[in-house]
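A structural walkthrough
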Amino acid sequence: MSETIGIHPSVSPAKAVIQIRGACPHDCPDTCALVTTVESGVAVRVAGNPDHLHTQGVLCNKVSRYTERTYHPQRLQYPQRRVGPKGSGQFERVTWDEALDDIAQRLGAIAARNPEAILPYSYAGTMGLVQSESIAARFFHQLGASLLDRTICSTAGAEALGWTLGGKVGMKVEFFAEAKLIVIWGSNSITSNLHFWRQAQIAKRAGAKLVCIDPRRSETAEKCHEHIQLQPGTDAALALALMHELIVNDWLDHEYIARHTLGWEALRERALRWTPERAASVCGIAAEQIRALARDYGTTRPAAIRLNYGMQRVRGGGNAVRAVACLPALTGAWRHRAGGVLLSSSGQFPVRKTALQRTDLLAGRTPRTINMVTIGDDLLRESSEQFGPKIEALVVYNSNPLAVAPESSKVAAGFGRDDLFTVVLEHFQTDTADYADYLLPATTQLEHWDVHLSYGHTDVLLNRPAIAPVGQSKPNTQIFRELAQRMGLDAAIYADDDETLCRKAFSDAIDFNELLDKGWATLPIADAPFATGDFPTPSGKCEFFSEGLARLGVDGLPDHLPNYETAGSSTRYPLAMISPPARNFLNSTFVNVDSIRAMEREPILEMNAADAAARGLASGAVVRVFNDRGDYHCKLEISERARPGVVHGLGVWWRKFGLNGTNVNELTSQRLTDIGRAPVFYDCLVQVQAA
Ligand SMILES: Nc1nc2c(c(=O)[nH]1)N[C@H]1C(S)=C(S)[C@@H](COP(=O)(O)OP(=O)(O)OC[C@H]3O[C@@H](n4cnc5c(=O)[nH]c(N)nc54)[C@H](O)[C@@H]3O)O[C@H]1N2
Ligand SMILES: Nc1nc2c(c(=O)[nH]1)N[C@H]1C(S)=C(S)[C@@H](COP(=O)(O)OP(=O)(O)OC[C@H]3O[C@@H](n4cnc5c(=O)[nH]c(N)nc54)[C@H](O)[C@@H]3O)O[C@H]1N2
Ligand code: SF4
Ligand SMILES: [Mo]
């Protein structure tokens, strides 16, 4: 089953200690290379592979405790069927046959009437190409089920980057170490991109200046030389004012602009309207800070920007990413391998999506698409000509929508419908699992095959199973294979085993034998991919002006779009709330692992001392955070990390670990971003009072 890459010398072969190479499955840009030590069939340690350039033998706190999660006493070990009311989390144990027979029968009956009444709901619980959308996608495509628009994280920024640079492309992370200026924009890298932070530290020791742009004085911001603590959702205004300064001071690379960009005159005109004073008043910062950053950015070579998804979770998130992504072309930063911008590297991987997911199985049908962000509203809709059929069945895997999707009161009401049939594939009884009709135990990364791309580096990684499935758990792929078989779907489509799927996932540019031998393979990409243009856009240039966007009837140039819920616009809800990741959780994963939850202690709201004093609140008070969408109770932490007027509800806690059975998403809205149909988690006004 698995490969021995080292036998510990102190043990007899009978009790051999073996080490298995794998990949971290989590939704994190670092995609670390793992080494799992297995003793007599039991995983005893998960560590970082010291030989892997990007991992350097170091894992984060969460995954270095992976055995605790894998062998957690509450790990789901057998199929279960609901016995109590929806949402009560009361189940009885059943056999796989009982569960799968009944699910196949129920889904089959709905599919016979209208397959679009069935909806898959999945995201990035695992980033593995095999255990996410391979067999599962084939199953839903063949049925003709509704399609899911997987927008909950990154599509605003990803599509914006596409319209500007041509795809999810950019600098290589390892070259940040050579930069002389690093701008960390909308990223708490110490929390969410630890291995990039290592590169930034190397640069810092070699004399580079680090600047962080973030409404929160994050763990990362406090370790940078400069922190620009702007209002949430004002990044485009800042970027446009930086352009203004680059233009008026002539810190421009005219040759690069002339040869490798599109729409310069139009952008120039727009940027000249954004004086530092104008942007400063929008961003709530000093104009002098903008001038200083522009001077640094315009005069330091090489200058690198690490942009992250934190700044695109607002109404104008797409435009903001477009504005920032224009900057390196203005100064010609792309000429150097340590210059440019990196938001995501994932567009560079030659994934064979069609072969894996078999979109051809739609066979000319075009099922309606449901946006995962609006699942709350959509579950509550009746059939109509515009919407299509009411959603009658949901199959959830690799996601915890009750916790992670916005406006959770609506999500809970939708999942609570008695006439909805819900199947959840999970490791644990999450908030979402509580609403399942059938709860099926899935394997973890230590128990199945998978293959991974990365959105923070440019290596493909292979994950081999290190141990046998815990209890009766099965890989997602296997669960869908067995369902397909029971539903009488064409067997040939489901014949690929997981190792075969790993082989099929990438084009031949990736040598599978190298993955088997070493555990990873590095993409052959030029060190400075856009030194001489060659952007993967329609024009081959960096598109300041996008004809494609203009054809869609929207602004072809980036601009600042104020938040839907702009700070100061409401007297009832005067505070802007952002809810960025907690360091020791990964979205809602790990919240139930005791030692990890202990590190995060309890759900908190960070608030500036002035805002707390105005409300007569002290640190440690239980507060009620609320708006028209709902109520969330948590502990107050008076903190210098918060600027006046902005509060931080950290982490996506499980609702059932919350003080009143809710989490921050009780407060967030289902509105969508300007580009990419993505959520606006950080565009949210609230009020706070003593509970
Ligand atoms: N430990 C840990 N790591 C994670 C995750 C996790 O939950 N925990 N989540 C993973 C996931 S799913 C993703 S998508 C990635 C990236 O996830 P991101 O969402 O980029 O996460 P961070 O980098 O932690 O946080 C973003 C930073 O953006 C800031 N921010 C909020 N609003 C704005 C704004 O309007 N402008 C600017 N400039 N900044 C703003 C926040 O204060 C925060 O410090 O991280 C991944 N890594
Ligand atoms: N307020 C607020 N909300 C947010 C965010 C925020 O910053 N603020 N961040 C958003 C972002 S960036 C993202 S990406 C989403 C994340 O949303 P999700 O992708 O739903 O992420 P998780 O909460 O980690 O839930 C993943 C679930 O998948 C399960 N899982 C893992 N591996 C497997 C497997 O192999 N098989 C099966 N069947 N299950 C598996 C895990 O046990 C876990 O419960 O949340 C979003 N929600
Ligand atoms: S969560 Fe990120 S930092 Fe932690 S082990 Fe996985 S890839 Fe590495
Ligand atoms: Mo995400």
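Counting from 1, residues in each chain are numbered in the order their sequence is written. The order in which chains are written sets their letters, starting at A; the order in which ligands are written sets their numbers, starting at 1. Given that the model is predicted, a residue must reach a pLDDT of at least 70 before its local features are reported, and side-chain atom pairs must reach 80 or more before they are shown or counted; all residues, however, enter totals for whole chains, interfaces and linings. Computation of side-chain values covers all heavy atoms of the structure but excludes hydrogens and water.

In the annotation of an unreviewed UniProt entry, the chain is listed under the name Molybdopterin-dependent oxidoreductase and assigned to Caenimonas koreensis DSM 17982. UniProt positions are given in the numbering used here, feature names are shortened, and annotations may be inferred rather than shown by experiment. Of the chain, the UniProt comment under Cofactor (unreviewed entry) reads exactly: "Mo-bis(molybdopterin guanine dinucleotide)". The Sequence similarities (unreviewed entry) field of the UniProt record for the chain holds the comment "Belongs to the prokaryotic molybdopterin-containing oxidoreductase family."

**Some remarks on empty space enclosed by the protein**
Summary: where empty space remains is shown by rolling a probe the size of a single water molecule over the atoms. A pocket, in this scheme, is an open set of points on a 1 Å grid over the protein atoms alone with protein on both sides within 12 Å along at least 5 of 7 lines, while a cavity is a set where a 1.4 Å probe fits but cannot get out; residues line either one if an atom lies within 4 Å of a point. Grid points are joined across faces, edges and corners, and a volume is the space filled by probe spheres set on the points. A complete count under the given rule lists four cavities of 30 Å³ or more for this structure. Considered as a void within the structure, the largest cavity measures approximately 60 Å³ in volume. What lines the largest cavity is simply P29, D30, H54, V173, N193, H195, F196, Q199, G456 and H457. When residues of the lining of the largest cavity are assigned to domains, at least three fall in each of domain 1 (2-70) and domain 3 (171-342 + 528-551). Roughly 40 Å³ of volume is contained in the second largest cavity. Counting from the N terminus, the helices are the DSSP runs of H or I reaching at least four residues and the strands are the DSSP runs of E reaching at least two. Here the lining of the second largest cavity gets four residues from one element, more than from any other, and that element is helix α11 (residues 287-299). For the lining of the second largest cavity, the residue count by class is four nonpolar, one polar and two charged. How far each domain reaches was decided by an automatic or database domain assignment. Charged means Asp, Glu, Lys or Arg here, nonpolar means Ala, Val, Leu, Ile, Met, Phe, Trp, Tyr, Cys or Pro, and polar covers whatever is left, Gly included.

**So, the domain arrangement of the chain**
Looking at the assigned domains, one finds that the chain contains domain 1 (2-70), domain 2 (80-153 + 355-440 + 467-522), domain 3 (171-342 + 528-551) and domain 4 (575-690). A straight line from the C-alpha centre of domain 1 to that of domain 2 covers 29 Å. The contact definition used throughout considers only heavy atoms, calling two residues in contact when any of these lie within 4.5 Å. Taken residue by residue, the interface counts 15 residues in domain 1 and 14 residues in domain 2. Between domain 1 and domain 2, the buried area comes to about 1,000 Å², and carbon and sulfur atoms account for 57% of it. Here, a salt bridge means any Lys or Arg side-chain nitrogen found within 4 Å of an Asp or Glu carboxyl oxygen. Put simply, domain 1 and domain 2 have zero salt bridges between them. The definition of a polar contact used here is a pair of N or O atoms within 3.5 Å, where within protein one atom must be able to donate a hydrogen and the other to accept one, and adjacent residues in sequence count solely through side-chain atom pairs. For the pair domain 1 and domain 2, the interface holds four residue pairs in polar contact (both at pLDDT 80 or more). Among the secondary structure elements, those contributing two or more residues to the side of domain 1 that touches domain 2 are β2 (33-39), β3 (42-48) and α1 (66-70). Each residue belonging to the side of domain 1 that touches domain 2 can be placed in one class, and the counts come to five nonpolar, five polar and five charged. Accessible area, probed at 1.4 Å, shrinks when two parts are joined; the buried area is that loss added up over both.

**Considering the nonpolar core**
Soluble, globular proteins show a tendency: their nonpolar side chains are buried together. One finds W185, L238, L327 and L330 to be the most contacted residues of the largest nonpolar core, which totals 126 residues. For this core, the element with the most residues is helix α7 (residues 235-248), which contributes ten residues. Beyond its immediate chain neighbours, meaning those up to four positions away, L238 contacts W185, I213, I228, L230, C283, I285 and I290. Put simply, a nonpolar core is a bunch of buried Ala, Val, Leu, Ile, Met, Phe, Trp, Tyr and Cys residues held in one set by side-chain atoms that sit within 4.5 Å of each other. Think of it in three bands: with a 1.4 Å probe and only protein chains considered, a residue is buried below 20% of the maximum accessible area for its type, exposed above 50%, and partly exposed in between. In this structure, L129, V451, I479 and L483 belong to the second largest nonpolar core, which totals 54 residues.

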